[in-house]
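# Examination of the molecular architecture
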Amino acid sequence: ISPDFGGSEDRDNQIVVTPQAAKEKDIIDDELYDFLSQGSSVKNFHVDLKYKGESIVPSEIIVTAIIDGNDYNKVITVW
């Protein structure tokens, strides 16, 4: 979770991703900022990581929340 949304800046909250995945995460963060600036209710914000095999690099980043009572689900494919 981005430090902007309450996540830690510690190393254990950082992951290695492709430049494209980082851009996609920035787009999602911007969407969430927009919802919040419009006064939307954002609840149950959560970020999960999926891994393939023994990799230390996630294969997917899954962002979920409930925004104004509606499910918000985004999946970023890293590799």
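In case you missed it, the structure is sitting above this.
All values reported here derive from a predicted model rather than from experimental measurement.

### Topic: the environment of Ile67
Along the polypeptide, Ile67 turns up in strand β2 (residues 60-67). With 25 residues separating them along the chain, Ile67 and Val42 place their C-alpha atoms 4.5 Å apart. Look past the residues within four positions of Ile67 in its chain and what remains in contact with it is Leu32, Phe35, Ser40, Ser41, Val42 and Tyr72.

### Topic: the packing of aromatic side chains
Applying the stated criterion to the full structure yields 1 aromatic pair. Their ring planes at 85° and their centres at 6.0 Å tell us that Phe35 and Tyr72 sit as a pair that is edge-to-face. Of this pair, Phe35 sits in helix α1 (residues 19-37) while Tyr72 sits in strand β3 (residues 70-77); the two residues are 37 residues apart in sequence, bridging distant segments of the chain. Note on Tyr72: relative accessible area 8%, which makes it buried. Positioned over the ring face of Trp79 is Lys52, at 4.7 Å from the centre of the ring.

### Re the pairing of β3
With 8 bridges connecting them, β2 and β3 associate as antiparallel partners. Across the sheet, the residue bridging to Val63 is Lys74, located in β3. Taken together, β2 and the strand that follows it, β3, pair antiparallel across an intervening segment of 2 residues, in which Asp68 is found at a positive phi of about 50°.

Here is what the cut-offs are and how they apply
Numbers given to residues run from 1 along each chain, matching the order in which its sequence is written. Two thresholds apply to this predicted model, a pLDDT of at least 70 for residue-level local features and 80 or more for giving and counting side-chain atom pairs, whereas whole-chain, interface and lining totals are computed over all residues. To get the side-chain values, all heavy atoms of the structure are used, and hydrogens and water are removed first. Each helix corresponds to a stretch of at least 4 residues labelled H or I by DSSP, and each strand to a stretch of at least 2 residues labelled E; elements are numbered beginning at the N terminus. When checking whether two residues touch, look at their non-hydrogen atoms; a contact exists if any pair is within 4.5 Å. Think of it this way: a Phe, Tyr or Trp ring, Trp meaning its six-membered ring, pairs with another when their centres are within 6.5 Å, and the plane angle makes it stacked under 30 degrees, edge-to-face over 60, tilted otherwise. Remark: exposure states derive from per-residue accessible area (1.4 Å probe, protein chains only) relative to the maximum for the residue type, with buried under 20%, exposed over 50%, and partly exposed in between. Geometrically, a charge over a ring is one whose NZ (Lys) or CZ (Arg) sits within 6 Å of the ring centre while staying within 35 degrees of the ring normal. For two strands to pair, DSSP has to find at least two bridges joining them.

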